[in-house]
Amino acid sequence: MNFDWLWRESDMIFDLFVRHLWLSAVPVAIGLALALPLGWLVHRSGVWRGPLLNLVGLLFTIPSLALFVLLPWFLGTQILDPINVVVALTIYVLALLVRTVSDGLGSVPRETLQAANAMGYRPLSRLLTVELPLAIPVIAGGLRVALVSNISIVSVAALVGTRQLGSLFTQGLQLQFLTPIIAGIVLSVALAAALDALVLFLSRKLTPWERRPA
Amino acid sequence: MIEFQGVTKLYDGAPAVRNLDLVAPTGKLTVLVGPSGCGKTTSLRMVNRLVTPSSGTITLDGEPTDRMNVAQLRRRIGYVIQHAGLFPHRTVAQNVATTARLAGIDRKTARRKSLDLLEQVGLSASLAERYPWQLSGGQQQRVGVARALASDPKFMLMDEPFSAVDPIVRGQLQDEFLRLQREIGKTIIMVTHDIDEALKLGDQVAVMREGGELAQVATPRELLVRPADGFVADFVGRDRGYRHLGFAPIDNGLKLASEPVVQLGASPAEAAEAAIDGWVLVCDAAHRPLGWTDIARLRGPVREDDLNLSSTLAPMDGSMRELLDAALSSPSGRGVVTNTDGTLRGTIALGDLGGILAPLHRTGAERHS
Ligand SMILES: Nc1ncnc2c1ncn2[C@@H]1O[C@H](COP(=O)(O)OP(=O)(O)OP(=O)(O)O)[C@@H](O)[C@H]1O
Ligand SMILES: [Mg+2]
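Worth saying up front: this structure is predicted, and the values here are computed from it rather than measured.

Attention shifts here to the interface of chain A and chain B. Between chain A and chain B, the contact holds 18 residues from the first and 21 residues from the second. Interface of chain A and chain B: buried area, both sides summed, is about 1800 Å²; carbon and sulfur atoms make up 62% of it. Three residues stand out in chain A for area buried against chain B, namely Ala118, Met119 and Trp209 of chain A, and they jointly supply 33% of the buried area on that side. Summed over the shared surface of chain A and chain B, the result is 0 salt bridges. For the pair chain A and chain B, the interface holds 6 residue pairs in polar contact (both at pLDDT 80 or more). Elements with a minimum of two residues in the side of chain A that touches chain B: helix H6 (110-119) and helix H7 (123-153) of chain A. Per-element tally for the side of chain A that touches chain B: the top contributor is H6 of chain A, with 8 residues.

At Gln176 of chain A, a residue that is not glycine, the phi angle is positive and equals roughly 50 degrees. Along the chain, Gln176 of chain A turns up in the loop between helix H8 (166-175) and helix H9 (178-206).

Next up on the list: the confidence of the model for chain B. All names here are of chain B. For chain B, the mean per-residue pLDDT works out to 92, and 98% of the residues sit at or above 70. Confidence drops under a pLDDT of 50 for residues 365-369, and excluding neighbours within four residues, the segment shows 7 contacts in the predicted structure. The ipTM assigned to the predicted complex is 0.85, against a pTM of 0.81.

What follows concerns the sheet that holds strand S14 (residues 313-315) of chain B. Residue and element names in this part refer to chain B. Ordered by their spatial adjacency, 3 strands build an open sheet running S14-S15-S16, and the pairing between neighbours is mixed. This sheet does not close on itself; its edge strands, each paired only once, are S14 and strand S16 (344-349). If you compare each strand with its neighbour and ignore which way they point, the axes differ by 35 degrees on average. In this sheet, S16 lies alongside strand S15 (residues 334-338) in antiparallel orientation, the contact comprising 5 bridges. Its bridge partner lying in S16, Gly335 is registered against Ile348.

Another aspect to go through is empty space enclosed by the protein. Considering all chains together, one arrives at 2 cavities of 30 Å³ or more under this definition. By volume, the largest cavity amounts to about 80 Å³. What lines the largest cavity is a set of 13 residues, and nearest its centre among them are Met119 of chain A together with Ile77, Gly78, Thr99 and Ser151 of chain B. Of all the elements in the fold, those that place two or more residues in the lining of the largest cavity are H6 of chain A together with helix H2 (70-75), strand S6 (77-80), helix H3 (92-102) and helix H5 (137-149) of chain B. At 3 residues, S6 of chain B tops the list of elements feeding residues into the lining of the largest cavity. Per-class residue counts for the lining of the largest cavity are 7 nonpolar, 3 polar and 3 charged. The calculated volume of the second largest cavity comes to roughly 40 Å³. Taken together, Ala115, Ala118 and Met119 of chain A together with Tyr79, Ile81, Ala84 and Arg147 of chain B form the lining of the second largest cavity.

A full pass over the atoms with the stated rule returns 6 aromatic pairs over all chains. Taking 5.4 Å as the distance between ring centres and 90 degrees as the angle between the ring planes, the aromatic pair formed by Trp5 of chain A and Phe177 of chain A counts as edge-to-face. Note that Trp5 of chain A is positioned in helix H1 (residues 3-8) and Phe177 of chain A in the loop between H8 and H9, a separation of 172 residues in sequence. A relative accessible area of 7% places Trp5 of chain A in the buried class. Ring geometry for Trp73 of chain A and Phe74 of chain A: centres 5.5 Å apart, planes at 70 degrees, overall edge-to-face. Looking at Phe74 of chain A, the relative accessible area reads 62%, which means it is exposed. Just above the ring of Tyr11 of chain B sits the side chain of Lys9 of chain B; from NZ or CZ to the centre is 5.2 Å. Across from the ring centre of Phe87 of chain B, 5.3 Å away, lies the NZ or CZ of Arg147 of chain B, which sits over that ring.

It is worth spelling out the site of ligand 1 at this point. Residues and elements named next belong to chain B. In the region of ligand 1, the neighbouring residues are Tyr11, Ala16, Ser36, Gly37, Cys38, Gly39, Lys40, Thr41, Thr42 and Glu160. Note that an oxygen atom of ligand 1 is positioned 2.5 Å from one of the side-chain N or O atoms of Ser36. Within the contact set of ligand 1, an oxygen atom lies 2.7 Å away from a side-chain nitrogen or oxygen of Lys40. Protein contact buries 56% of the 640 Å² of open area that ligand 1 shows by itself. Among the elements that take part in the shell around ligand 1, helix H1 (residues 40-47) stands out by supplying 3 residues, more than any other.

Let us now look at the pairing of strand S3 (residues 29-33) of chain B. Remember that side chains alternate between the two faces of the sheet whenever the strand is regular. Residues and elements named next belong to chain B. Counting buried positions along S3 yields 5 of 5 residues, so the element is predominantly enclosed. In S3, alternate side chains face the same way, and those of Leu29, Val31 and Val33 on one face and Thr30 and Leu32 on the other are all buried. Bridge count for S3 against strand S8 (residues 187-192) is 5 bridges, and the pairing is parallel. Counterpart to Val31 in the pairing with S8 is Met190. When S3 meets strand S9 (residues 204-209), the two strands line up parallel, connected through 4 bridges. Residue pairing in the sheet places Val33 in a bridge with Val207 of S9.

Conventions and cut-offs
Residues numbered from 1 in each chain as written. Chains lettered and ligands numbered in written order. Predicted model: local features only at pLDDT ≥ 70, side-chain atom pairs only at ≥ 80, totals over all residues. Heavy atoms only, no water. Contact = heavy atoms within 4.5 Å. Buried area = accessible area lost by both parts, 1.4 Å probe. Salt bridge = Lys/Arg side-chain N within 4 Å of Asp/Glu carboxyl O. Polar contact = N/O pair within 3.5 Å; in protein donor to acceptor, adjacent residues only side chain to side chain. Helix = DSSP H or I, 4+ residues; strand = E, 2+ residues; numbered from the N terminus. pLDDT = per-residue confidence, 0-100. Pairing = 2+ DSSP bridges. Axes fitted to C-alpha atoms, helices over the stretch in contact; angles between N-to-C directions. 1 Å grid on protein atoms, 1.4 Å probe; cavity = no way out; pocket = protein on both sides within 12 Å on 5 of 7 lines; lining within 4 Å. Points joined across faces, edges and corners; volume = space filled by probe spheres on them. Nonpolar A, V, L, I, M, F, W, Y, C, P; charged D, E, K, R; others polar. Phe/Tyr/Trp six-rings, centres within 6.5 Å; stacked < 30°, edge-to-face > 60°. Buried < 20%, exposed > 50% of the residue type's maximum accessible area, 1.4 Å probe, protein only. Lys NZ or Arg CZ within 6 Å of the ring centre and 35° of its normal. Near = heavy atom within 4 Å. Areas by Shrake-Rupley, 256 points an atom, 1.4 Å probe, with all protein chains shown as cover.

Pasting the structure below:
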């Protein structure tokens with residue numbers, strides 16, 4: 001470990017860290033916003049639910065490097081444009097969260113739904129005030145997986161020149177120098193742990209009714 | 001008034017409810033009772049259109065339900081189900097306020113209403129901020145009833161509301177609900193498969209049979225005394241002769257023997273002096289009966305351990321069924337009758353009951369012919 005190097009490059013490392021944070025968090029936010037309506041559609045699609053979920057799940061198997069390289073061609077963007085990375089990661093988040101949202105809505109007890117119907121809830125207010133709140137724990141679980149996997153996948157984007165903590169790995173490799181690699185790993189793990197804890201905390205705040213050990 | 005006119009529900013061509021004609025009168029509790037699968041729940045759920053009838057019409061106060069907006073129709077009808085169906089993510093108070101909020105009542109008023117109702121159904125205010133999973137089954141059921149009442153609906157549908165709790169709690173809930181219904185006078189249809197519950201709660205009981213047909217609609221007493229056919233007679237039960245006594249009040253002029261009593265701590269000699277046929281009744285200082293004591297077994301002054309607690313007490317404002325039970329359950333063969341304040345009024349020997357029951361039997365027989 002060369003601490004002098006860390007000290008000298010701390011501005012650059014901090015910049016990479018912030019970029020890493022945005023590149024992994026923004027797709028999760030966009031993905032969640034898209035997954036809510038899509039997951040609801042899949043949830044309501046009856047016999048199509050299984051096939052649709054399998055199809056969406058397939059998106060996750062596209063290699064990330066392939067996506068980073070191909071997307072500029074589809075989107076008409078520059079190869080170095082971070083938009084490519086954001087779109088690619090959003091696709092992965094969708095692949096995860098559409099299923100999660102659909103599962104979350106499916107986890108609402110039948111008798112709760114029937115009680116809501118019998119009381120005269122209209123479909124939209126039932127969805128917003130009964131089904132979605134009850135689906136929060138499941139959705140938050142999926143969100144945590146999506147965040148952590150994004151933080152890991154995004155580092156691959158260093159290979160196509162999008163700068164974030166992954167750039168420390170390529171740099172270390174080129175310079176035959178271990179310090180940036182260790183710094184990159186430590187900071188990625190710390191970022192993942194922090195975001196994971198944040199989502200967990202928010203989800204608990206939002207669901208005070210959940211039973212959990214005191 | 002809720003009225004079914006020729007209502008039929010077919011599932012895959014098989015009738016779950018067949019040509020049902022039934023009127024649930026305003027302010028009365030109508031019970032639908034029958035064996036499992038006979039179409040009770042289906043009938044109930046057609047009223048608020050959770051199930052759509054295949055044919056026929058259901059009206060609320062003369063207005064056909066199929067022309068109403070379905071959400072508005074449901075908001076006019078309180079609905080209570082077996083496991084309460086409370087919202088797991090809302091506190092008890094919020095759960096109760098739900099129907100009031102849907103009826104357009106503002107948050108503050110709805111909350112006040114919900115706290116009032118909790119008290120009315122016998123729940124302590126300390127439960128208001130709990131979540132449903134922190135309540136017992138009986139408490140949840142009470143919350144379910146309070147929630148149905150919070151929008152102050154004219155009509156209520158209740159599907160086996162008291163069947164998911166143990167018999168003792170069920171009895172309490174039934175008694176409390178009867179008391180509440182006397183105050184609020186809702187037009188209620190309640191479903192149960194428990195004939196005892198039907199007879200206890202119903203102003204009117206509709207017995208359904210397999211295949212969704214109505215077998216008989218009558219008052220509980222009439223059902224016991226004059227079942228329409230073998231199915232109803234069977235369903236009402238083999239001890240219906242005994243049970244219809246539950247609807248006959250004890251005659252105010254009932255002749256009772258005065259019973260000599262002792263208190264706890266009485267010596268064996270005192271007990272023997274008061275005893276008739278070897279048994280003496282022990283009362284507390286306020287003259288309330290505690291139990292019988294067998295003087296042959298006394299080994300000293302009368303202690304609590306010497307009391308035989310098997311006998312039931314018949315309150316003077318109770319039924320002939322309670323009177324007969326008091327006599328049958330008494331080890332001395334003498335049934336203990338109390339005043340309404342619980343103090344001893346007197347006893348009646350089992351042998352003397354025959355003469356009192358005979359006229360009741362005759363009225364039953366006359367109605368039958
Ligand atoms: N959604 C449905 N699809 C098909 N058949 C149904 C459906 N709901 C009810 N049935 C059938 O209709 C009949 C009546 O059912 P229902 O639930 O009304 O009975 P029930 O009298 O309430 O019985 P229980 O006392 O067991 O609750 C049954 O034979 C049942 O199998
Ligand atoms: Mg049923």
